Amino acid sequence: MNANTLRQRFLTFFQQRSHALIGTASLIPENDPSVLFTTAGMHPLVPYLLGEAHPAGRRLANVQKCIRTGDIMEVGDDTHLTFFEMLGNWSLGDYGKPESIRWSYEFLTEQLGLDPARISVTCFAGDADAPRDDESADIWLSLGIPRITFLPKKDNWWGPAGATGPCGPDTEIFYDTDPSGPIGETMVTNPQRFWEVWNNVFMQYEKCDDGRYIPLGQANVDTGLGLDRMLAVLQGVPSPYETDVLLPIMEHLRRLVRQPDTFALRVIADHTRAAVFILAEGIQPGNVDQPYIVRRLIRRAVRYGREIGIEGHFLADLAETVIATLSDPYTELRQQRDHILLSLDREETKFQGTLVRGRHEFSRSVDQCRARGKSILPGDVMFKLYDTYGFPVELTQELAQQQGLEIDLSGYEQAFSAHQERSRQGAAGRFRGGLTERRPETIQLHTATHLLHEALRRVLGTHVEQRGSNITVERLRFDFSHTDKLTEEQITAVEGLVNEQIQHNLPVSWQEMSLDEAKNSGAIGLFEDRYGEVVKVYTIGDFSREICGGPHVDRTGQLGHFQIVKDEAVGSGLRRIRAVLV
Ligand code: SER
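A few points on the structure.

So, the overall build of the protein
Part 1 of the reasoning: From N to C terminus, the protein includes 18 helices and 18 strands.
Part 2 of the reasoning: The C-alpha atoms of the protein give a radius of gyration of 25 Å, which matches the 25 Å a tight globule of 582 residues would have.
Part 3 of the reasoning: A principal-axis box enclosing the C-alpha atoms of the protein has dimensions of 70 × 65 × 45 Å.
Part 4 of the reasoning: Residues counted as buried form 55% of the 582 residues belonging to the protein.
Part 5 of the reasoning: Within the protein, contacts between residues separated by at least 24 positions form 70% of all contacts whose residues are at least 6 apart in sequence.
Part 6 of the reasoning: Total accessible area on the protein stands at roughly 24200 Å², and carbon and sulfur atoms take up 46% of it.
Part 7 of the reasoning: Side chains of the protein carry 61 positive and 80 negative charges; the gap between the two charge centres is 4 Å.

Concerning the nonpolar core
Part 1 of the reasoning: Leu108, Trp198, Met230, Ile268 and Leu344 are the most contacted members of the largest nonpolar core, which has 126 residues in total.
Part 2 of the reasoning: With 11 residues, the single largest contributor to this core is helix 8 (residues 262-279).
Part 3 of the reasoning: Not counting residues up to four positions away in its chain, the partners in contact with Leu344 are Ala275, Val276, Leu279, Ile298, Leu315, Ala316 and Ala319.

Digging into the packing of helix 12 (residues 337-371) against helix 13 (residues 379-389)
Part 1 of the reasoning: Taken N-terminus to C-terminus, the directions of helix 12 and helix 13 make an angle of 165°; their axes are 9 Å apart at the nearest point. If you check the angle between helix 12 and helix 13, you find them roughly antiparallel. Crossing handedness for the pair helix 12 and helix 13: right-handed. Within the contact between the two elements, helix 12 uses Phe351, Thr354, Arg357, Gly358, Glu361, Phe362 and Ser365 and helix 13 uses Val381, Lys384, Leu385, Thr388 and Tyr389.
Part 2 of the reasoning: Of the residues that constitute the contact of helix 12 with helix 13, the class distribution is 5 nonpolar, 4 polar and 3 charged.

Here we look at the site of the ligand
Part 1 of the reasoning: With respect to spatial proximity, the complete set of residues near the ligand consists of Ala40, Met42, Arg68, Met86, Trp158, Asn199, Val201, Asp222, Thr223 and Gly224.
Part 2 of the reasoning: The contact in question runs from an oxygen atom of the ligand to an N or O atom on the side chain of Asn199, over 3.1 Å.
Part 3 of the reasoning: At 2.8 Å from a nitrogen atom of the ligand is found a side-chain nitrogen or oxygen belonging to Asp222.
Part 4 of the reasoning: For the ligand, the protein covers 95% of the area, taking 230 Å² as the surface of the free molecule.
Part 5 of the reasoning: With 3 residues, the top contributor of residues to the shell around the ligand is strand 9 (residues 213-226).
Part 6 of the reasoning: Residue composition of the shell around the ligand, by class: 5 nonpolar, 3 polar and 2 charged.

Overview of the pairing of strand 5 (residues 148-151)
Part 1 of the reasoning: On strand 5, burial follows the alternation: Thr149 and Leu151 on one face are buried, whereas Ile148 and Phe150 on the facing-out side are not.
Part 2 of the reasoning: With 4 bridges joining them, strand 4 (residues 119-124) and strand 5 adopt parallel strand pairing. Among the inter-strand pairings, Cys123 is bridged to a residue of strand 5, identified as Phe150.
Part 3 of the reasoning: In this view, the connection linking strand 4 to its parallel neighbour strand 5 by way of helix 4 (residues 134-142) has right-handed handedness.

Considering the sheet that holds strand 17 (residues 562-571)
Part 1 of the reasoning: Taken together, the 4 strands give an open sheet; going across it, the order is 12-13-18-17, and neighbouring strands pair in antiparallel fashion. Whereas interior strands pair on both sides, the edge strands pair on one side only; in this sheet they are strand 12 (466-471) and strand 17. Neighbouring strand axes in the sheet, compared pairwise and without regard to direction, differ in orientation by 20° on average.
Part 2 of the reasoning: Strand direction decides the pairing type here: strand 12 and strand 13 (residues 476-481), joined by 5 bridges, are antiparallel. Looking at strand 13, one finds that Ile471 is bridged to Leu476.
Part 3 of the reasoning: Each of strand 12, strand 13, strand 17 and strand 18 (574-581) is contacted by helix 16 (residues 440-460), which is oriented at about 30° to strand 13, the strand it contacts most.
Part 4 of the reasoning: In this fold helix 17 (residues 488-503) packs onto strand 17 and strand 18, with an angle of close to 135° to the strand it touches most, strand 17.

Here we look at the pattern of salt bridges
Part 1 of the reasoning: Tallying each qualifying case throughout the model produces 38 salt bridges.
Part 2 of the reasoning: As a salt-bridge pair, Glu320 and Arg337 come within 2.8 Å of each other at their nearest N and O atoms. Of this pair, Glu320 sits in helix 10 (residues 315-326) while Arg337 sits in helix 12, and the two are 17 residues apart along the sequence.
Part 3 of the reasoning: Classification of Glu320 by relative accessible area gives partly exposed; the value is 29%.
Part 4 of the reasoning: When its relative accessible area of 31% is taken as the criterion, Arg337 is described as partly exposed.
Part 5 of the reasoning: In this structure, a network of salt bridges that share partners links the residues Arg296, Arg300, Arg303, Glu307, Arg359, Glu394 and Glu398.

Some words on the pairing of strand 7 (residues 165-176)
Part 1 of the reasoning: Most of strand 7 sits inside the fold, with 12 of its 12 residues counted as buried.
Part 2 of the reasoning: Bridging between strand 4 and strand 7 involves 4 bridges; their strand directions are antiparallel. When the bridges of strand 7 are listed, Ser120 appears paired with Phe174.
Part 3 of the reasoning: One ladder, built from 2 bridges, connects strand 6 (residues 157-158) with strand 7; its direction is antiparallel. Across the sheet, Trp158 pairs through a bridge with Gly168, a residue of strand 7.

Reading the values: the criteria
- Residues numbered from 1 in each chain as written.
- Predicted model: local features only at pLDDT ≥ 70, side-chain atom pairs only at ≥ 80, totals over all residues.
- Heavy atoms only, no water.
- Helix = DSSP H or I, 4+ residues; strand = E, 2+ residues; numbered from the N terminus.
- Rg over C-alpha atoms; globule rule 2.2 N^0.38 Å.
- Buried < 20%, exposed > 50% of the residue type's maximum accessible area, 1.4 Å probe, protein only.
- Contact = heavy atoms within 4.5 Å.
- Areas by Shrake-Rupley, 256 points an atom, 1.4 Å probe, with all protein chains shown as cover.
- Lys, Arg positive; Asp, Glu negative; His and termini not counted.
- Charge placed at Lys NZ, Arg CZ, Asp CG, Glu CD.
- Core = buried A, V, L, I, M, F, W, Y, C linked by side-chain atoms within 4.5 Å.
- Axes fitted to C-alpha atoms, helices over the stretch in contact; angles between N-to-C directions.
- Parallel < 35°, antiparallel > 145°, perpendicular 65-115°, else oblique.
- Left-handed = near helix turned anticlockwise from the far one by under 90°.
- Nonpolar A, V, L, I, M, F, W, Y, C, P; charged D, E, K, R; others polar.
- Near = heavy atom within 4 Å.
- Polar contact = N/O pair within 3.5 Å; in protein donor to acceptor, adjacent residues only side chain to side chain.
- Pairing = 2+ DSSP bridges.
- Right-handed = clockwise from strand over helix to strand, strands pointing away.
- Salt bridge = Lys/Arg side-chain N within 4 Å of Asp/Glu carboxyl O.

So, in structure tokens, the structure goes:
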């Protein structure tokens, strides 16, 4: 069974059970300033899990490309990857636990031929927020799976993806990769042996700002099955790196080195694949946000390449193999080929020169530490390695670990903020995953987006409607319906109107109301057909009123000066503005 067959089988299975097939969403979340990447199939579906009506219905399935950087130090082992594909099916207040569990079981055993004797599961043990999930356990028992372990929230609860949002208890399905192993072992005692292959989350709660879990208006099901891991199980190989989605990349690398070091090869293969997919979204390596993540992935791959003796530029060639391997399901790889190869090559050139000198500087610092009897690498040394030699902090951390040294992360962060106020936010800790990051810059730009939206409607006309929004710490990007290029005068008028509202220091407030009330109050209803009964409406003084999930600043005076930096066409009748706060 190869990747194409697995994707197809999964989609067909759920299509036959009345699920609408939705395509993969972008890796870069739209309309969500709090996250850097799409980390799970449920991520683009959050509004629908919270109750808005999805245009395709209440049963959905897809294959979602995902990036998770939280486990980057784990990459190289048998199971962790930064880029992976997730097969998912959803019930938006439609079916519940019995169907969800039964279909997972049927798919695994009947469609994929897994041996039921090698399947074990976990269920939620219950706590003050939600009861023990005996219902799921009973369903598993009725299917003939008696190997059930009850675990607490830290193991058997999924979400919210950010600080707040939909979440719930889950039942996780494990496959025993070594049935001849010691009797009595479980996923708890030996996670290397028992692989989690599927996670069925019963999203019936919403975590609120105050930390409480309140029942959602609708009981949802959100499942995720890791394609790469499942392929390894089905192809009987030790890890995803030997499956048809990664093997060609590994083989390409093996041809470049004399003494292949499996760990290094895996890191390079994983990081290059992830970088290719991020670049395919039109991202360039840079110093903050997604550009910084892709820079780190590329640099870490280059460093491992040098360590195992790969001479000269190798990433662009390797990327060709990634593209050849995955561009059938992901045609954007072919479309963005030139940009991908060029970006990799440029970044490799940039990093190459400094790598050797940086390593030298690092060794000197290590010697100094030792001479002084210290076992911690100081923060200012780490900052110098970052600033002068382009060493991402996690690279320094890794080198330090290899030398048996600790690092002074907070010292580094202090040095960083002192020296580089502007890119302050792109620093250490980013690899811990962006989901909970709600940073002042992105919140300010989000409020500025509302002001821009309203200003465009006042200057150009009410035919202007939001078609997309993307925010990084540096800029906002706003797509809207309009045909003609904006004139100088129009741009000046829009900027003027936004800055006027900022100067007035208008209060920003929100209220929950029904969709009808929202419309009657004059709120702009974005993507109206997607909203359910109760919506959140953000009001900015008497200037703007818009349906939105937030977050926003309290007063517009916190925004600074608004400036449009680019106006371009991105499709017929569709324009894109990039703007900054300075
Ligand atoms: N959201 C859950 C996960 O990522 C199930 O899809 O595991």
